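Here's the letter readout for the chains.
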Amino acid sequence: AILFGTLVLLSGSMDPSLKHSSKIQHEKNTPSFTRFESWLRSSGFTWRKLSLRSNGTVSNGGVIATRDILIGDNIMIAPKKSCLTIRTSLLIPTVHKSADVKASQGRSTGTKGTKSDFGIMKAPEDVRLILAVMMERAIRRKSKWWQYLETVPFKESGVPTTWEARDANDLLRGTELDGVCSSKRRTLLSNWPTYVAPIV
């Protein structure tokens with residue numbers, strides 16, 4: 001599931017410098033983040049001891065603890081039906097609809113056409129989630145998760161796997177991340193023709 005992936009819990013208890021900072025406490029959120037918070041509440045999400053902020057946080061969106069959080073505290077409830085997953089997104093229904101059209105065209109031309117999900121459900125879990133997010137982003141405001149998706153950056157500069165190969169080679173050479181990121185990029189590239197290209 002993906003929903004709070006871009007929200008970063010800064011600390012178990014609020015930083016003293018933030019606790020007494022009127023700027024952080026009273027500065028308004030960005031319009032998109034305000035819409036996101038309203039959507040969370042209307043979709044059944046609840047939270048306590050936390051404040052969702054677009055200011056004073058990592059990546060212009062995060063969570064700040066407003067009180068000490070103790071081990072075992074229940075600080076958030078997230079309804080499964082409101083989480084963006086391969087099963088709740090419009091990806092599979094849309095792919096099936098497309099496959100039905102192709103099957104119908106095949107029958108009209110005398111060729112065999114069958115319903116298919118293009119092997120999506122056999123794809124690695126992270127690939128299925130990526131495809132689901134791509135689908136929901138493609139339909140923009142028609143997506144039930146649009147208020148969430150508009151707060152998520154299209155490209156995260158802090159993720160090495162999204163860097164240009166030349167930059168990654170120069171900046172990661174000699175570090176443990178060099179081999180890990182190179183392997184991840186190769187995996188992503190190999191997944192493209194098998195799972196992504198057939199449905200885009």
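As the structure is a computational prediction, the values presented were derived from the model and not from experiment.

Some words on the packing of aromatic side chains
Two aromatic rings are characterised by how far apart their centres lie and by the angle between their planes.
Now for step 1: Applying the stated criterion to the full structure yields four aromatic pairs.
Now for step 2: Centroid distance Phe33 to Phe36: 5.6 Å. Interplanar angle 75°. Geometry classified as edge-to-face. Note that Phe33 and Phe36 are positioned in helix 3 (residues 31-42) at a spacing of three residues, about one turn of the helix. For the pair shown, Phe33 and Phe36 are each scored as buried.

Details of the side chain of Arg185
Now for step 1: Structurally, Arg185 can be placed in helix 8 (residues 176-196).
Now for step 2: Among buried Asp, Glu, Lys and Arg side chains, Arg185 stands out as unpaired, with Asp178 the closest opposite charge at 5.3 Å.
Now for step 3: Residues contacting Arg185, with those up to four places away along its chain left out, are Pro160, Thr161, Trp163, Ala168 and Asn169.

Concerning the pattern of salt bridges
Now for step 1: Considering all chains together, one arrives at five salt bridges under this definition.
Now for step 2: For the salt bridge of Asp126 with Lys184, the shortest nitrogen-to-oxygen distance reads 2.9 Å. Of this pair, Asp126 sits in helix 5 (residues 125-138) while Lys184 is found in helix 8, placing the two residues 58 residues apart along the sequence.
Now for step 3: For Asp126, a relative accessible area of 35% translates into the label partly exposed.
Now for step 4: With relative accessibility at 33%, the residue Lys184 sits in the partly exposed group.
Now for step 5: The salt bridge involving Asp170 is made with Arg173; its shortest N-O contact spans 3.6 Å.

Comments concerning the layout of surface pockets
Now for step 1: Its volume calculated, the second largest pocket comes out at about 200 Å³.
Now for step 2: Contributing to the lining of the second largest pocket are 13 residues, with Leu91, Val95, Met135, Ile199 and Val200 lying nearest its centre.
Now for step 3: Breaking the lining of the second largest pocket down by element, the ones donating at least two residues are helix 4 (91-108) and helix 5.
Now for step 4: Among the elements that make up the lining of the second largest pocket, the one with the highest residue count is helix 4 (five residues).

Remarks on helix 5
Now for step 1: Taking 1.5 Å as the rise per residue, helix 5 with 14 residues should run 20 Å; its terminal C-alpha atoms sit 20 Å apart, in good agreement.
Now for step 2: Within helix 5, burial applies to Val127, Arg128, Leu131, Ala132, Val133, Met135, Glu136 and Arg137.

Regarding the packing of helix 5 against helix 8
Now for step 1: Two numbers describe how helix 5 lies on helix 8: the axes approach to 11 Å, and their chain directions differ by 65°. You can see that helix 5 and helix 8 cross each other, and the crossing is right-handed. Here Asp126, Val127, Leu131 and Met134 of helix 5 lie close against helix 8, whose contacting residues are Lys184, Asn191, Tyr195 and Val196.
Now for step 2: Within the contact of helix 5 with helix 8, the residues separate by chemical class into five nonpolar, one polar and two charged.

Some thoughts on the environment of Ser143
Now for step 1: Mapped onto the secondary structure, Ser143 falls in the loop between helix 5 and helix 6 (146-149).
Now for step 2: Contact partners of Ser143, with chain neighbours within four places excluded, come to Glu136 and Leu149.

Re the side chain of Arg137
Now for step 1: Relative to the assigned elements, Arg137 resides in helix 5.
Now for step 2: It is Glu150 that comes nearest to the buried, bridge-free Arg137 among opposite-charge side chains, at 9.7 Å.
Now for step 3: Polar side-chain contacts of Arg137 include one of 2.3 Å to the backbone oxygen of Val152.
Now for step 4: If near-sequence neighbours (up to four positions away) are discounted, Arg137 is found in contact with Leu149, Val152, Pro153 and Phe154.

Scoring rules and cut-offs
- Residues numbered from 1 in each chain as written.
- Predicted model: local features only at pLDDT ≥ 70, side-chain atom pairs only at ≥ 80, totals over all residues.
- Heavy atoms only, no water.
- Phe/Tyr/Trp six-rings, centres within 6.5 Å; stacked < 30°, edge-to-face > 60°.
- Helix = DSSP H or I, 4+ residues; strand = E, 2+ residues; numbered from the N terminus.
- Buried < 20%, exposed > 50% of the residue type's maximum accessible area, 1.4 Å probe, protein only.
- Lys, Arg positive; Asp, Glu negative; His and termini not counted.
- Salt bridge = Lys/Arg side-chain N within 4 Å of Asp/Glu carboxyl O.
- Contact = heavy atoms within 4.5 Å.
- 1 Å grid on protein atoms, 1.4 Å probe; cavity = no way out; pocket = protein on both sides within 12 Å on 5 of 7 lines; lining within 4 Å.
- Points joined across faces, edges and corners; volume = space filled by probe spheres on them.
- Expected span 1.5 Å × (residues − 1).
- Axes fitted to C-alpha atoms, helices over the stretch in contact; angles between N-to-C directions.
- Left-handed = near helix turned anticlockwise from the far one by under 90°.
- Nonpolar A, V, L, I, M, F, W, Y, C, P; charged D, E, K, R; others polar.
- Polar contact = N/O pair within 3.5 Å; in protein donor to acceptor, adjacent residues only side chain to side chain.

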